[in-house]
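Breakdown of the fold
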Amino acid sequence: MARDRFSTATRLRLLGEQTAARVYRSQNRRQARRSRLTGRAAFLALVVCSLIVALAYPIRQYVSQRNDIAEQERLAAAARARVEQLRDEKARLQDDAYIMRLAREHLHMVLPGETGYTMIDPRAGRQPRAEEGGAARPWYSNVWDGVDHADAGR
């Protein structure tokens with residue numbers, strides 16, 4: 001029996017069983033570790049995806065509202081600039097000399113004792129006039145002539 005205990009076959013068998021047990025335990029540990037890691041990774045991915053889905057709409061709204069605010073601020077600045085222009089114009093319109101200058105420029109006003117002149121553009125006389133005899137013809141002839149003349153200019 002003592003001999004059986006230390007025989008090579010017995011030792012090899014025991015060594016093989018021990019090695020098989022170690023391999024089996026390490027595989028079980030690896031599989032256990034893998035399954036735990038995979039579960040954790042799946043849970044982490046689920047949490048990250050749910051956060052992305054939960055925050056996507058509010059973030060989009062926030063960005064949209066920030067753009068709207070920036071646009072309204074730009075419009076308000078443009079309105080303030082326009083108000084300043086109108087205040088300047090109102091202040092100028094309080095001055096009688098400015099009113100007189102505008103009347104002279106736009107209304108061709110002259111003061112008593114002054115002589116007003118109107119200059120005629122010499123190029124204006126060279127422009128061809130429309131036909132004078134168009135009123136005696138039927139309306140559809142005038143329409144077709146207008147179409148023909150419009151195409152002839154090209």
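As the structure is a computational prediction, the values presented were derived from the model and not from experiment.

In this section: the overall build of the protein chain. A count of helices and strands for the protein chain gives four helices and zero strands. The order of helices and strands in the protein chain, counted from the N terminus, is α-α-α-α. For the protein chain, with 154 residues in total, the buried portion stands at 3%. When the accessible surface of the protein chain is summed, it comes to about 14700 Å², and 59% of that surface belongs to carbon and sulfur atoms.

Here we take up the packing of aromatic side chains. The full count for this structure, using the stated rule, is one aromatic pair. When the centroid spacing of 5.8 Å and the interplanar angle of 80 degrees are considered together, the rings of Trp139 and Tyr140 count as edge-to-face. For Trp139, a relative accessible area of 64% puts it in the exposed group. Looking at Tyr140, the relative accessible area reads 46%, which means it is partly exposed.

Moving on to the pattern of salt bridges. Counted according to the given criterion, the structure contains eight salt bridges. As a salt-bridge pair, Arg101 and Glu105 come within 3.2 Å of each other at their nearest N and O atoms. Here Glu105 and Arg101 lie together in helix H3 (residues 96-107), a separation of four residues that amounts to about one turn. Note on Arg101: relative accessible area 44%, which makes it partly exposed. A salt bridge links Arg137 to Asp145, with the nearest nitrogen and oxygen atoms 2.0 Å apart.

Before going further, it helps to examine H3. For H3, with 12 residues, the first-to-last C-alpha span of 16 Å sits near the 16 Å given by 1.5 Å per residue. Positive phi shows up at His108, right after H3, with a value of about 55 degrees.

This paragraph deals with the confidence of the model for the protein chain. Mean pLDDT over the protein chain: 83, with 82% of residues reaching 70 or higher. Per-element confidence in the protein chain is highest for H3, whose mean pLDDT is 91, and lowest for helix H1 (residues 2-5), whose mean pLDDT is 56.

The next point concerns unusual backbone geometry. Of note in this structure, His108 is not a glycine but carries a positive phi near 55 degrees. Among the secondary structure elements, His108 is positioned in the loop between H3 and helix H4 (139-152). You can call His108 exposed: its relative accessible area is 66%.

Our next topic: a nonpolar patch on the surface. Together, Phe43, Leu46, Val47, Leu51, Leu55, Ile59, Tyr62 and Val63 give the surface a local cluster of nonpolar side chains, amounting to about 800 Å² of exposed area. Considering the arrangement of structural elements, one finds Phe43 in helix H2 (residues 8-93).

Calculation criteria
- Residues numbered from 1 in each chain as written.
- Predicted model: local features only at pLDDT ≥ 70, side-chain atom pairs only at ≥ 80, totals over all residues.
- Heavy atoms only, no water.
- Helix = DSSP H or I, 4+ residues; strand = E, 2+ residues; numbered from the N terminus.
- Buried < 20%, exposed > 50% of the residue type's maximum accessible area, 1.4 Å probe, protein only.
- Areas by Shrake-Rupley, 256 points an atom, 1.4 Å probe, with all protein chains shown as cover.
- Phe/Tyr/Trp six-rings, centres within 6.5 Å; stacked < 30°, edge-to-face > 60°.
- Salt bridge = Lys/Arg side-chain N within 4 Å of Asp/Glu carboxyl O.
- Expected span 1.5 Å × (residues − 1).
- pLDDT = per-residue confidence, 0-100.
- Patch = residues over 30% accessible without salt bridge, like charges linked within 9 Å, V, L, I, M, F, W, Y side chains within 5 Å.

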